[in-house]
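Per-entry structural report
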Amino acid sequence: MAEKQFLPTDWADDDRMNFMFSAFPESREVNPKHWDSKLHYWSKAILDGCKHHGDICIDLTTLKRRFSRNGLTPLGLDNVLKELLQQGKIERKEEFINCAREGWLSWSYGFAKRSFQWSVGFVWEGSSDIKLDGHEQFVLVDDAKEKAQWILKQHYDRVECETTDHIIPWNVLKARCGNFDDQTLTILVAALQKQNKALVFITEEGEKVVKFARKGETKVAPVSDSDVEIVRLKKTLAMLTLQVNKLTNEVEKCRMQAASFAKAGHRSKALKLLKKKELRQQTLDKTIASLHSLEEILHQIQNAHTNKTVLEALKSGATMLKCMHSDLSIEGVEEVMDEVNETLSISQDIDSAIVSGNSYISETTGMGSSELDELERELENLTIRNTATIAQAGSPPYDLSSGRSSIGHQHPSSLLSRQLDFDEDRTAVNLPDVPAHSPVKTGIPKGRDKTALLS
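Residues numbered from 1 in each chain as written. Predicted model: local features only at pLDDT ≥ 70, side-chain atom pairs only at ≥ 80, totals over all residues. Heavy atoms only, no water.

1. Quick notes on the overall build of the protein chain
Spelled out, the test is: The secondary structure listing takes helices from DSSP runs of H or I that are at least 4 residues long and strands from runs of E that are at least 2 residues long, numbered from the N terminus. Type-normalised accessible area, obtained with a 1.4 Å probe on protein chains alone, sets the label of each residue: buried when under 20%, exposed when over 50%, and partly exposed for intermediate values. Here, two residues are considered to be in contact whenever any of their heavy atoms come within 4.5 Å of each other. Per-residue and other accessible areas were derived by the Shrake-Rupley procedure at a 1.4 Å probe size, with only the shown protein chains allowed to occlude residues.
Secondary structure summary: the protein chain contains 16 helices and eight strands in total. A burial count over the protein chain gives 31% of its 455 residues as buried. Long-range pairs, those at least 24 residues apart, make up 60% of the contacts in the protein chain with a sequence separation of at least 6. With the model as given, the accessible surface of the protein chain reaches about 30,700 Å², and the carbon-plus-sulfur share is 55%.

2. What to know about unusual backbone geometry
Despite not being glycine, Asn70 has its phi angle at roughly 55 degrees, a positive value. Within the element layout of this structure, Asn70 appears in the loop between helix H3 (60–66) and helix H4 (77–87). What makes Asn70 exposed here is its relative accessible area of 68%. Even without being glycine, Asn196 reaches a positive phi, approximately 60 degrees.

3. Focus: the environment of Asp181
This is how the line gets drawn: For this analysis, a polar contact is any N or O atom pair within 3.5 Å, provided that within protein one partner can donate a hydrogen and the other can accept it, and provided that sequence-adjacent residues contribute only side-chain to side-chain pairs.
The residue Asp181 is located in the loop between helix H8 (170–176) and helix H9 (182–194) in this model. A distance of 2.7 Å separates the side chain of Asp181 from the backbone nitrogen of Thr184, its partner in a polar contact.

4. Some details on the pattern of salt bridges
Applied cut-off: The salt bridge criterion pairs a side-chain nitrogen of Lys or Arg with a carboxyl oxygen of Asp or Glu, the two atoms within 4 Å.
Enumeration according to the criterion identifies 19 salt bridges in this entry. In this structure, Lys234 engages Asp165 in a salt bridge whose closest nitrogen and oxygen atoms are separated by 3.6 Å. Of this pair, Lys234 sits in helix H10 (residues 225–264) while Asp165 sits in the loop between helix H7 (141–158) and strand E4 (167–169), and the two are 69 residues apart along the sequence. By relative accessible area, Asp165 is classed as buried at 14%. Salt bridges linked by common partners bring Glu204, Glu205, Glu229 and Arg232 together as one network.

5. Topic: the packing of helix H2 (residues 32–53) against H4
Note the following rule: Where helices are involved, their axes are fitted lines through C-alpha atoms of the stretch in contact, as for all axes, and angles between N-to-C directions lie from 0 to 180°. Each angle receives one of four descriptions, namely roughly parallel if under 35 degrees, roughly antiparallel if over 145, roughly perpendicular if within 65 to 115, and oblique otherwise. Residues are grouped as follows: nonpolar covers Ala, Val, Leu, Ile, Met, Phe, Trp, Tyr, Cys and Pro; charged covers Asp, Glu, Lys and Arg; every other residue, Gly included, is treated as polar.
Running from N to C, H2 and H4 point in directions that differ by 80 degrees, and their axes come no closer than 10 Å. In terms of their interaxial angle, H2 and H4 are classed as roughly perpendicular. When H2 is examined against H4, the residues Trp35, Leu39, Trp42, Ser43 and Ile46 are found in contact with a partner set consisting of Leu77, Asn79, Val80, Glu83 and Leu84. Residue composition of the contact of H2 with H4, by class: seven nonpolar, two polar and one charged.

6. Some thoughts on the sheet that holds strand E1 (residues 57–58)
What counts, and what does not: Should DSSP find at least two bridges between two strands, the strands are taken to pair.
Within the open sheet, the three strands sit side by side as E1-E3-E2. Their pairing is antiparallel. In this open sheet, the two strands that pair with only one neighbour each are E1 and strand E2 (90–92). Bridge count between E1 and strand E3 (residues 138–140): two bridges; the pairing is antiparallel. If you follow Cys57 over to E3, its bridge partner there is Val139.

7. Comments concerning the packing of helix H1 (residues 14–21) against H2
Orientation of H1 relative to H2, taken along the N-to-C sense of each, is 105 degrees, at an axis distance of 10 Å. The angle between the axes of H1 and H2 places the two elements in the roughly perpendicular class. Packed against H1, whose contacting residues are Arg16, Met17, Phe19, Met20 and Phe21, the element H2 presents His34, Ser37, Lys38, Tyr41 and Trp42 at the interface. Tallied by class, residues from the contact of H1 with H2 come to six nonpolar, two polar and two charged.

8. Regarding a nonpolar patch on the surface
The cut-off we apply is this: The patches reported here contain residues having more than 30% relative accessible area and no salt bridge. Joining distances are 9 Å for like charges and 5 Å for nonpolar side chains (Val, Leu, Ile, Met, Phe, Trp, Tyr).
A surface patch of nonpolar side chains, amounting to about 240 Å² of accessible area, comprises Val336, Val340 and Leu344. Along the polypeptide, Val340 turns up in helix H13 (residues 330–365).

9. Quick look at the pairing of strand E6 (residues 208–212)
Every other side chain in a regular strand lies on the same face of the sheet, so the side chains alternate between the two faces. Among the five residues in E6, four count as buried, and that is most of the element. Where E4 lies against E6, three bridges are found, and the strand directions are antiparallel. For Ile167, the partnering residue across the bridge sits in E6 and is Lys211. Here strand E5 (residues 198–202) pairs with E6 via five bridges, running antiparallel. By the bridge assignment, Ile202 is partnered in E6 with Lys208. Between E5 and E6, which follow one another and run antiparallel, lie five residues, and Gly206 among them has a positive phi close to 85 degrees.

10. Quick notes on the confidence of the model for the protein chain
So the rule is basically this: One number per residue, pLDDT, summarises how confident the predictor is, and it ranges from 0 to 100.
For the protein chain, per-residue confidence averages 76 on the pLDDT scale, and 68% of positions sit at 70 or higher. Model confidence for the protein chain, summarised as mean pLDDT per element, is weakest for helix H6 (residues 104–125) at 39 and strongest for E3 at 95. In this model residues 103–128 is a low-confidence stretch, pLDDT under 50, and it forms 29 contacts with partners more than four residues away in sequence or in other chains. A low-confidence stretch, residues 394–429 (pLDDT under 50), is modelled with 22 contacts involving residues beyond four sequence positions or located in other chains.

11. As for the packing of aromatic side chains
Aromatic rings considered in pairs are described by the distance between their centres and by the relative angle of their planes. Spelled out, the test is: Side-chain rings of Phe, Tyr and Trp, where Trp is taken by its six-membered ring, are said to pair if the distance between their centres is within 6.5 Å; with planes under 30 degrees apart they count as stacked, over 60 as edge-to-face, and otherwise as tilted.
Enumeration over the complete set of coordinates arrives at seven aromatic pairs. Ring centres of Phe21 and Trp42 lie 5.7 Å apart, and the angle between their planes is 65 degrees; on these two criteria the pair is classed as edge-to-face. A residue pair is termed long-range when its members are at least 10 positions apart, and Phe21 in helix H1 and Trp42 in helix H2 qualify at 21 residues. Among the residues examined, Trp42 registers a relative accessible area of 1% and is labelled buried.

12. A look at the sheet that holds E4
One open sheet holds the three strands; their spatial order is E4-E6-E5, and the pairing between them is antiparallel. Edge positions in the sheet fall to E4 and E5, since each of these pairs with one other strand and no more. Each neighbouring strand pair of the sheet contributes to a mean axis angle of 25 degrees, computed without reference to strand direction. Lying over the sheet, H9 contacts E5 and E6, oriented at roughly 120 degrees with respect to E5. H10 contacts E4, E5 and E6 of the sheet and is inclined by roughly 50 degrees relative to E4.

13. Some thoughts on the UniProt feature "coiled-coil region" (unreviewed entry) in the protein chain
Just so we agree on the cut-off: UniProt positions are given in the numbering used here, feature names are shortened, and annotations may be inferred rather than shown by experiment.
UniProt marks residues 230–257 with the feature "coiled-coil region" (unreviewed entry), using the numbering shown here. Here residues 230–257 runs as 100% helix and 0% strand, with 41 Å between its end C-alpha atoms.

So this is what it looks like as structure tokens:
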């Protein structure tokens, strides 16, 4: 029974409920006490139930389902809604919104006029002549005003500058009030319009914007050209901020990918990504400069104390925007794109010529490009290995200190020194002189034993 907490305390009383569920008399004059008793009971039950559910709008079909009991629905709910309409506690949704668009004075006069005519018709013609559609939506006026004040308070809590912060695009307001859907937000802003606390207008670009009254003002000021320009300036700032964030992420992404390719040895891919990063960085730098300029303009507007200063700041902003777009004419963009396409075409031709040349070399030498690359890598490895071998030996081709070259031959000066040393040693041990003539072949005399020659 938790979902029925909003129901009256006597909801379980069968006798009481049988009376309340019965139809209203045809006219109040027939039995005023009976009429007023039921009207008071169901009026309070409906309003309390709507507050419990957080309703802004209600319709007859929903009320019948909400107050059903033992398969029965109250027979006089339509009479109650008509009386609430007359009392101004509810209003048809379309009239509520449209009157807010017409302005407070026209709404007040129109509402009073309709209420008077409705009251006369109700008294003279009777409530049975007023027909209600079961699905027609009615705005609960007091609940709408209460929630509208909550929106206004939320707005005032976010205001930092009285000059610029009271004009808000509709999508920004909707994001701030995320617990309300678009239709409910429309009704609540309409309630603020009825209280002269807000205005809704559409810019030339078709953007829906809300202007709130300043804190302490009894009536919101009309929308001015400065208000519209402030909205455009803040919208441009928001767009540039998003662009800066996007470009920053792209620059970082290119840098990370280039580092990954360089580590893997893909030099050409790394260079291509670094070039892309530089182009993105240039665009990012220009965007940040423009963002800073517009932020300075907005700062000047926020600190302006006179309309003249505001207009001068807006003029500076307009000039800045004009300069930003001066080089972005359609003709200029098309010319640049033609140059880009022509350059890309030339690049493609060059790439095709290189591919053709490589194919011809491969066919002539009998080797494919992959084989040539393999040979080049092998040659590079051999070169590195030979260089390492020489570095490890650590001696020049001729070592004067040792008298020996790196390949095992003696230096001439070393040979002379060794000859002198040999002569000294020979003298010390009394060795015979070295013959100075060529050897001559001699025969052995007859009659002598060979052994004698050996003794």
